[in-house]
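Analysis of the macromolecular model
Each chain is listed here by its residues.
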Amino acid sequence: MLSKIIKKIKDIVYRFKYRNFSYLQKLEAGVFVRSYYGYCIYKSAELGVKLGYKRITIIEFGVAGGNGLLTIENHCEEIKKIFDIEFDIYGFDTGIGLPKPKDYKDQPYLWGEGFFKMNLNLLKSKLKQTRLIIGDVKNTTKKFKNKDNSPIGFISFDLDYYSSTKEALNIFNRNEKYLLPRIQCYFDDVGTINSVGELQAIKEYNKKYKNRTLSTIYTQVFNRNILGERIFEHHMFDHQKYNYLVKPIKHNKLNNDKE
Ligand SMILES: C[S@@+](CC[C@H](N)C(=O)[O-])C[C@H]1O[C@@H](n2cnc3c(N)ncnc32)[C@H](O)[C@@H]1O
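Anyway, here's the lowdown on the structure attached to this text. Keep in mind that this is a model prediction, so the values were computed, not measured.

**So, unusual backbone geometry**
Phi is positive for Gln 107, which is not a glycine, with a value near 55°. Inspection of the secondary structure assignment puts Gln 107 in the loop between strand E2 (86–93) and helix H5 (120–126).

So, in structure tokens, the structure goes:
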């Protein structure tokens, strides 16, 4: 309890110190509560622009109360001021909290059916532009396949379960014109052994496909809020734009190696 209060005070002091800094400087310093979302959106926007896209799609799998989506909307507003790009934002959720766990890989010792219920009307009233896709990701991800969306640039996976994450990963099974060749992915629940949960779903995904992979970046930027170990990239090696030369923009620290 005391350590939480101390952390909160430290956060307030840190934010105060950076109050007059630009959005990008704050992002680099990890001032925001979910700087990692800003980091991933920034990187996807940068790649999108370099590949000539005017819009990209941002997805959150697992919405619950919507704090993550509201943060995504805020970061997108700021990043639109840096890059000439628009965002299409989608949030996928059952709307009624976690389904029943299927087996041990869903880690029923940590969570269970009905956890993280959403107040749909309240959330809709707060969201500015996000489209909510309500239903089990097993069905909604497949339906989304037929959607004529702008290429996906960033996905946050926060469904907690192995079984749900495995279904959500089907989002990559679509025509390459709906995907950037490299997609930023945030996995919220990788803090466990790699035989259960999200890590097991990722492992199976990587085993299944020869021309694609999901991996962390070993020299990812780490700072107090950008959780490099939870950020993965989805690479699609046979994407026709995979080999286009896209040098990172040098004007910021986000493309540097570990701090
Ligand atoms: C931890 S919460 C998400 C928290 C949210 N990302 C945030 O930052 O506040 C996990 C969510 O995943 C959703 N979920 C889990 N399995 C699902 C499935 N098979 N289909 C759709 N939603 C699912 C649950 O309804 C729950 O709201």
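Moving on, there is more to tell.
**Topic: helix H3 (residues 35–50)**
Relative to the 22 Å expected for 16 residues at 1.5 Å per residue, H3 spans 22 Å between its end C-alpha atoms, a close match to the ideal helical length. Phi for Gly 52, located one or two positions after H3, is positive at around 90°.

**A few points about the sheet that holds strand E4 (residues 152–157)**
If you walk across this open sheet you meet the 7 strands as E3-E2-E1-E4-E5-E7-E6, and the pairing is mixed. Strand pairing shows two members of the sheet lacking a second neighbour, strand E3 (131–134) and strand E6 (212–216), which therefore form its edges. The mean angle between the axes of side-by-side strands here comes to 20°, regardless of whether they run parallel or antiparallel. Its contacts with the sheet put helix H4 (residues 67–80) on strand E1 (55–61), E2 and E4, and the angle it makes with E2 is roughly 175°. Contacts from helix H8 (residues 197–208) reach E4, strand E5 (179–187) and E6 within the one sheet, and its direction differs from that of E6 by about 145°.

Criteria and thresholds
Residues numbered from 1 in each chain as written. Predicted model: local features only at pLDDT ≥ 70, side-chain atom pairs only at ≥ 80, totals over all residues. Helix = DSSP H or I, 4+ residues; strand = E, 2+ residues; numbered from the N terminus. Expected span 1.5 Å × (residues − 1). Pairing = 2+ DSSP bridges. Axes fitted to C-alpha atoms, helices over the stretch in contact; angles between N-to-C directions. Contact = placed C-beta atoms within 7 Å.

Scope: geometric values only; no functional claims are made or implied.
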